[in-house]
Amino acid sequence: MDETLSLQQSVMQDVVSLMGDNDAMRKLQTFLKKLKKEQAEELSEAEKKGIMDGLREAFKELKAVKEGKMKTKTLEESIHELHC
């Protein structure tokens, strides 16, 4: 936590040092917009991976049910599982 606070203070000091330079502030703003966009795209990739992993698991379970290696739950069992 202390390291995080120190990093935040350092970044803020760097930003404050640019406050009088409009050109530098524009460049910083452009960089920050790109950084935010990259982070949003990374999150999207993580979400896609999670969805794909879930689908793979669902298909494995479906295959196991078809092969008789796994039994499906009744609706009542599923509802009970959600409430517990």
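Above this text is the structure in question.
Residues numbered from 1 in each chain as written. Predicted model: local features only at pLDDT ≥ 70, side-chain atom pairs only at ≥ 80, totals over all residues. Heavy atoms only, no water.

## Topic: helix α2 (residues 22-66)
And then number 1: Compared with the 66 Å implied by 1.5 Å per residue over 45 residues, the 66 Å span of α2 between its first and last C-alpha is a close match.
And then number 2: One side-chain oxygen of the residue at the start of α2 lies 3.2 Å from the amide nitrogen of aspartate 23, identifying that residue as aspartate 21.
And then number 3: Note on α2: the residue one or two positions beyond its end, glycine 68, has a positive phi of about 80 degrees. (Helix = DSSP H or I, 4+ residues; strand = E, 2+ residues; numbered from the N terminus. Expected span 1.5 Å × (residues − 1). Polar contact = N/O pair within 3.5 Å; in protein donor to acceptor, adjacent residues only side chain to side chain.)

## Points about a nonpolar patch on the surface
And then number 1: Residues Ile51, Met52, Leu55, Phe59 and Leu62 make up a contiguous nonpolar surface patch of about 500 Å² in total accessible area.
And then number 2: Tracing the sequence through the fold places phenylalanine 59 in helix α2. (Patch = residues over 30% accessible without salt bridge, like charges linked within 9 Å, V, L, I, M, F, W, Y side chains within 5 Å. Areas by Shrake-Rupley, 256 points an atom, 1.4 Å probe, with all protein chains shown as cover. Salt bridge = Lys/Arg side-chain N within 4 Å of Asp/Glu carboxyl O.)

## Examining the pattern of salt bridges
And then number 1: Summed over all chains, the structure comprises six salt bridges.
And then number 2: Taking the shortest distance from any N to any O, the salt bridge between glutamate 45 and lysine 48 comes out at 3.5 Å. Taken together, the positions of glutamate 45 and lysine 48, both in helix α2 and three residues apart, correspond to about one turn of that helix.
And then number 3: With a relative accessible area of 48%, lysine 48 lands in the partly exposed category.
And then number 4: For glutamate 67, the salt bridge is made with lysine 69, and the minimal N-O distance between the two is 3.2 Å.
And then number 5: The exposure class of lysine 69 is exposed, given its relative accessible area of 68%.
And then number 6: What you see here is one network of salt bridges that share partners, running through Lys49, Asp53 and Arg56. (Buried < 20%, exposed > 50% of the residue type's maximum accessible area, 1.4 Å probe, protein only.)

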